[in-house]
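# Breakdown of the fold
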Amino acid sequence: MKHVYLAPSRRLGISLGVSPIPFKTCSYSCVYCQLGRTTCKTVKRREFFSTKEILKEVEVALKRLSARPDHITFVGEGEPTLASNIGQLIEKIKEMTDISIAVITNGSLLFNEDVSSELMDADIVIPSLDAASEEVFRRINRPHPSLKIDRVIEGIEDFSRQFDGQLYVEVMLVKGYNDGSEVEKIGEVLKRIKPDGVYLMSPIRPPCEKVEPSERIEEVSKLLKAFNVITPESGEFHPEIYSSAEEALKSVLARHPLREEQVLEILNYFKAEKTILDSITERVSFAGSTYYRLRST
Ligand code: SF4
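Note that the coordinates shown come from a computational prediction; the quantities given were computed from them, not determined experimentally.

## Thoughts on the overall build of the protein chain
From N to C terminus, the protein chain includes 10 helices and 13 strands. In summary, the protein chain has a C-alpha radius of gyration of 18 Å against a globular reference of 19 Å for 297 residues, a match within 12%. Along the first, second and third principal axes, the C-alpha set of the protein chain runs to 50 × 45 × 30 Å. Counting only residues that meet the buried cut, the protein chain has 57% of its 297 residues in that class. Across the protein chain, contacts joining residues at least 24 apart in sequence account for 74% of those joining residues at least 6 apart. Accessible surface computed for the protein chain: about 13100 Å², of which carbon and sulfur atoms make up 48%. Charged side chains of the protein chain number 40 positive and 45 negative; the gap between the two group centres comes to 4 Å.

## Things to note about the environment of Leu190
With respect to the helices, strands and loops of the structure, Leu190 is situated in helix H6 (residues 182-193). In this structure, the C-alpha to C-alpha distance between Leu190 and Ile126, residues 64 residues apart in sequence, is 13 Å. Here Leu190 is in contact with Leu129, Val169, Pro195, Val198 and Leu224, once residues within four sequence places are set aside.

## Section: the site of the ligand
Neighbouring the ligand are Lys24, Cys26, Tyr28, Ser29, Cys30, Tyr32, Cys33, Thr38, Gly78 and Asn106. Classifying every residue of the shell around the ligand by side-chain character gives five nonpolar, four polar and one charged.

## A few points about the packing of helix H5 (residues 149-162) against H6
Two elements in contact, H5 and H6, have axes whose closest approach is 9 Å; the angle formed by their N-to-C orientations is 30°. Considering their axes alone, H5 and H6 lie roughly parallel with respect to each other. Mapping the contact onto sequence places Ile153, Ile156, Glu157 and Ser160 in H5 and Val189, Arg192 and Ile193 in H6. Looking at the contact of H5 with H6, its residues break down into four nonpolar, one polar and two charged.

## Focus on the side chain of Arg45
Tracing the sequence through the fold places Arg45 in the loop between strand E4 (40-41) and helix H1 (51-64). A polar side-chain atom of Arg45 sits 3.1 Å from the main-chain carbonyl oxygen of Ala83. Once residues lying within four places of it in the same chain are set aside, the contact partners of Arg45 are Thr81, Leu82, Ala83, Ser84, Ile86, Asn112, Asp114, Val115 and Glu118.

## Here's the deal with the pairing of strand E5 (residues 71-74)
Of the two faces of E5, the one lined by His71 and Thr73 and the one lined by Ile72 and Phe74 are each fully buried. Alignment of E5 against strand E6 (residues 100-105), held across four bridges, turns out to be parallel. Bridging from a neighbouring strand, Phe74 pairs with Val103 of E6. Each parallel crossover has a hand, and the one from E5 via helix H2 (residues 86-96) to E6 is right-handed.

## Re unusual backbone geometry
Unusually for a residue other than glycine, Lys24 sits at a positive phi of about 55°. Mapping Lys24 onto the fold places it in the loop between strand E2 (13-18) and strand E3 (25-26). Residue Lys24 is classed as buried on the basis of its relative accessible area, which comes to 2%.

## Topic: the packing of aromatic side chains
Taken as a whole and assessed by the stated rule, the structure comprises four aromatic pairs. Between Tyr28 and Phe137, the aromatic rings sit 5.5 Å apart at their centres with planes inclined by 80°, giving edge-to-face as the arrangement. Linking Tyr28 in the loop between E3 and E4 with Phe137 in helix H4 (residues 134-140), this pair joins segments that are 109 residues apart in sequence. Owing to a relative accessible area of 4%, Tyr28 belongs among the buried residues under this scheme.

## As for the nonpolar core
Judged by nonpolar contacts, the single largest core of 91 residues is most densely connected at Leu16, Phe74, Leu129 and Leu249. For this core, the two domains that each supply at least three residues are domain 1 (4-241) and domain 2 (257-297). Beyond its immediate sequence surroundings of up to four residues, Leu129 is in contact with Ile153, Ile156, Val169, Glu170, Val171, Ile186, Val189, Leu190 and Ile193.

## Some details on the environment of Glu157
Secondary-structure assignment places Glu157 in helix H5. Here the alpha-carbon distance between Glu157 and Gly78, two residues 79 residues apart in the chain, equals 22 Å. Setting aside residues up to four positions removed in sequence, Glu157 forms contacts with Arg192 and Ile193.

## Structural notes on the pattern of salt bridges
Taken as a whole and assessed by the stated rule, the structure comprises 17 salt bridges. One connected set of salt bridges, linked through shared partners, spans Lys175, Glu212 and Glu215.

## Some details on the packing of helix H8 (residues 245-253) against helix H9 (residues 260-270)
Pairs of packed helices are described in terms of their axes, by the angle between the two and the distance that separates them. With their axes 9 Å apart at the nearest point, H8 and H9 run at an angle of 155° to one another. If you check the angle between H8 and H9, you find them roughly antiparallel. Taken as a pair, H8 and H9 cross one another with a handedness that is right-handed. Here Ala245, Ala248 and Leu249 of H8 lie close against H9, whose contacting residues are Val263, Ile266, Leu267 and Phe270. When grouped by side-chain class, the residues that make up the contact of H8 with H9 number seven nonpolar, no polar and no charged.

Rules and cut-offs
- Residues numbered from 1 in each chain as written.
- Predicted model: local features only at pLDDT ≥ 70, side-chain atom pairs only at ≥ 80, totals over all residues.
- Heavy atoms only, no water.
- Helix = DSSP H or I, 4+ residues; strand = E, 2+ residues; numbered from the N terminus.
- Rg over C-alpha atoms; globule rule 2.2 N^0.38 Å.
- Buried < 20%, exposed > 50% of the residue type's maximum accessible area, 1.4 Å probe, protein only.
- Contact = heavy atoms within 4.5 Å.
- Areas by Shrake-Rupley, 256 points an atom, 1.4 Å probe, with all protein chains shown as cover.
- Lys, Arg positive; Asp, Glu negative; His and termini not counted.
- Charge placed at Lys NZ, Arg CZ, Asp CG, Glu CD.
- Near = heavy atom within 4 Å.
- Nonpolar A, V, L, I, M, F, W, Y, C, P; charged D, E, K, R; others polar.
- Axes fitted to C-alpha atoms, helices over the stretch in contact; angles between N-to-C directions.
- Parallel < 35°, antiparallel > 145°, perpendicular 65-115°, else oblique.
- Polar contact = N/O pair within 3.5 Å; in protein donor to acceptor, adjacent residues only side chain to side chain.
- Pairing = 2+ DSSP bridges.
- Right-handed = clockwise from strand over helix to strand, strands pointing away.
- Phe/Tyr/Trp six-rings, centres within 6.5 Å; stacked < 30°, edge-to-face > 60°.
- Core = buried A, V, L, I, M, F, W, Y, C linked by side-chain atoms within 4.5 Å.
- Domains from an automatic or database assignment.
- Salt bridge = Lys/Arg side-chain N within 4 Å of Asp/Glu carboxyl O.
- Left-handed = near helix turned anticlockwise from the far one by under 90°.

Shown next, in the form of structure tokens:
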């Protein structure tokens with residue numbers, strides 16, 4: 001499975017992830033990104049993979065799954081709205097199933113009318129907003145040079161006004177980057193966006209660069225009236241959409257690191273030996289837990 005993967009999500013329960021873009025194709029290169037620095041920083045939209053190819057995988061995964069996922073979520077190894085066929089994919093998946101469709105996006109392209117109209121049919125949209133000032137935006141998100149924070153915010157605000165589904169804004173609080181006076185500015189912007197909720201996150205999986213979770217998370221959570229989402233994701237894995245432990249591990253680890261117990265769950269399911277981990281993964285310690293991520297080549 002190249003485009004579809006399954007993992008418990010901190011925000012969305014059991015979610016069938018759909019990635020319509022190649023690895024690290026993004027309009028940002030966030031300091032906290034679990035995938036490392038963006039290798040293809042772009043704002044140019046295009047059809048990276050055919051709609052047919054992606055839909056086929058979604059169909060197969062839905063057939064193989066023993067339990068109904070809570071959501072089908074567009075997410076990925078970069079920014080999913082860069083895929084110019086995302087609207088068509090949402091439309092076709094809606095014809096296939098009534099499972100709710102979510103889009104996790106960095107929100108940077110919502111000012112683009114094509115992007116915003118293509119996301120209108122989703123049930124849940126979760127844009128991120130880690131900064132309200134240009135300076136912090138450049139430091140934390142390291143955006144494509146053509147992107148300006150005012151325009152990004154305007155795009156999210158406009159989208160929020162028109163969107164009938166649920167809109168949650170995700171704020172990643174990173175020590176020394178946006179957990180000082182920027183918090184009040186973000187709070188003011190959130191009042192204008194009027195989302196259905198705010199997810200306040202802090203890096204809990206090992207990022208590739210040296211960033212630390214903010215110590216102000218509880219305080220900021222009250223200030224932004226946020227759901228405080230700092231706990232590791234819970235819920236069961238459903239590895240049955242994959243044919244082997246190696247395929248499952250490569251697919252999920254390409255998107256984010258996994259805690260040790262999650263890796264063991266996958267190995268147990270396929271009755272696979274722990275030795276397969278040596279060739280494809282590396283162990284890292286972060287915030288008191290052991291994680292596995294894909295071995296860098
Ligand atoms: S927007 Fe997401 S994928 Fe892109 S760099 Fe930031 S964290 Fe990584």
